[in-house]
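# Geometric and topological summary
Residue-level listing of the chains:
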Amino acid sequence: MQRRLLAFVAPPVAVCRYGCAGCCAAPIGVFWIAGIVSLIYAFFGGPVETDGFSITTFILGVVLWAIATTWAELTINGINADDQCNGNASSMCRIVKPKLDDSDPLDEIKKFQ
């Protein structure tokens, strides 16, 4: 439950803490900060500079925040699935883990010299 709450409140922090910072913490952070800026900017009239509150800018901020939260949850869940590389490994595990019959490319180059 704490992971979900942190992913809602601060998505890039949740990815750094429960996932890995190099995965997508930076783009998630961009969406999250843009959402916060839009939420604040809505109270000042938005880009149209209306008097009072701009509902469209506020909705944009909520949508950007929701994208960041969803992206963080998907990233954390994907990392957790990849850490459990058992019989039904995810696609990332199959890409990253070398097979026993894979040879070293540098050895192949040295063989031809």
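Structural notes, computed from the coordinates. (Residues numbered from 1 in each chain as written. Predicted model: local features only at pLDDT ≥ 70, side-chain atom pairs only at ≥ 80, totals over all residues. Heavy atoms only, no water.)

## Points about helix α2 (residues 11-18)
For α2, the full list of buried residues reads Pro11, Pro12, Ala14 and Val15. Axial view of α2: buried residues confined to an arc of 160°, hence all on one face. (Buried < 20%, exposed > 50% of the residue type's maximum accessible area, 1.4 Å probe, protein only. Helix = DSSP H or I, 4+ residues; strand = E, 2+ residues; numbered from the N terminus. Arc of directions from axis to C-beta.)

## What about a nonpolar patch on the surface?
Among the surface-exposed residues, Ile33, Val37, Ile40, Tyr41, Phe43, Phe44, Phe53, Ile55, Ile59, Val63 and Ile67 lie close enough to one another that they form a single nonpolar patch of about 1,100 Å² accessible area. Take Val37: it is sitting in helix α3 (residues 21-42). (Patch = residues over 30% accessible without salt bridge, like charges linked within 9 Å, V, L, I, M, F, W, Y side chains within 5 Å. Areas by Shrake-Rupley, 256 points an atom, 1.4 Å probe, with all protein chains shown as cover. Salt bridge = Lys/Arg side-chain N within 4 Å of Asp/Glu carboxyl O.)

## Examining the pattern of salt bridges
Scanning the entire structure with this criterion turns up two salt bridges. For Glu73, the salt bridge identified is with Arg3, shortest N-O distance 3.6 Å. One end of the pair, Glu73, is in helix α4 (residues 55-83); the other, Arg3, is in helix α1 (residues 2-9), with 70 residues separating them in the sequence. As a salt-bridge pair, Glu73 and Arg4 come within 3.7 Å of each other at their nearest N and O atoms. On the criterion of sequence distance, the pair formed by Glu73 in helix α4 and Arg4 in helix α1 is long-range, its members being 69 residues apart.

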